[in-house]
Amino acid sequence: MSNHPNQTDPASRAAADSRHTLFEDVQALLTGTLVVALGIAMYKKAGLVTGGVTGIAFLSHYASGINFSLLLVGLNLPFYAFALKRMGLVFTLKSLIAVTLVALFTELSPSLIRFEWLHPMVAGVVGGLLVGVGMLILFRHKSSLGGFGVVSLYLQETRGWRAGTVQMVLDGVILLGSVFIVSPMLIGVSLVSAVVLNLTLATNHRQDRYLAV
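Residues numbered from 1 in each chain as written. Predicted model: local features only at pLDDT ≥ 70, side-chain atom pairs only at ≥ 80, totals over all residues. Heavy atoms only, no water.

Asker: What should I look at first to understand empty space enclosed by the protein in this one?
Answerer: A probe as big as a water molecule, rolled over the atoms, marks out the empty space that is left. One pass over the full model with this rule turns up two cavities of 30 Å³ or more. Of the pockets and cavities examined, the largest cavity occupies roughly 200 Å³. Gly 51, Thr 54, Met 135, Leu 145 and Gln 167 are, among the 19 residues lining the largest cavity, the residues nearest its centre. For the lining of the largest cavity, the elements supplying multiple residues, two or more each, are helix H3 (22-46), helix H4 (52-64), helix H7 (120-140), helix H8 (148-159) and helix H9 (163-176). (1 Å grid on protein atoms, 1.4 Å probe; cavity = no way out; pocket = protein on both sides within 12 Å on 5 of 7 lines; lining within 4 Å. Points joined across faces, edges and corners; volume = space filled by probe spheres on them. Helix = DSSP H or I, 4+ residues; strand = E, 2+ residues; numbered from the N terminus.)

Printed below as a string of structure tokens:
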């Protein structure tokens, strides 16, 4: 009888059994990016900003009028080299697909869904929850929205730092830089949204509670 650890060690068998199938990964990528794109649509309607590379794309879009989706894809390009080196090819490809899908869905959203009126605080809280849940789905399937999310996941896996906490600090820095472009009231709502988003991640993205990879 073989003594291979995957056959005799219950923990190894459980880890192997918990791995996601290709169908599950595809479903998660589509679901997660759709949820994120809906949250971004709410942000755009209310004129809010967010953190990370997505926040930089928002600020650049508001300041220059350059297409948001193109900015989102372009600004993420440098992070893929880091992701490939530190996180591996599969993670990098999944993240590239996720960012591309979010950009595509965001570009299509005005022709598919419209908000006649949306209170900024509702957009901030609900949008933050949507983006947080969407990112959580992607994280649990070894993917991300690129940018600082790659760095956050890397620090969580190598240093044990909570991805949501790291993301919250980085988001705060980006939001502070928006004072010259966005009104103080909208910055305040955006800060609330960032807290909601990152608390969603910090509370739910726990490696010791979720085994699937």
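Asker: Quick question: what am I supposed to make of the packing of H3 against H7 here?
Answerer: For any two helices packed against each other, the geometry is given by the interaxial angle and the distance between the axes. Interhelical geometry of H3 versus H7 gives an angle of 160 degrees and a closest axis separation of 8 Å. Classed by the angle they form, the pair H3 and H7 counts as roughly antiparallel. The crossing of H3 and H7 is left-handed. In the contact of H3 with H7, the residues fall into 18 nonpolar, eight polar and no charged. (Axes fitted to C-alpha atoms, helices over the stretch in contact; angles between N-to-C directions. Parallel < 35°, antiparallel > 145°, perpendicular 65-115°, else oblique. Left-handed = near helix turned anticlockwise from the far one by under 90°. Nonpolar A, V, L, I, M, F, W, Y, C, P; charged D, E, K, R; others polar.)

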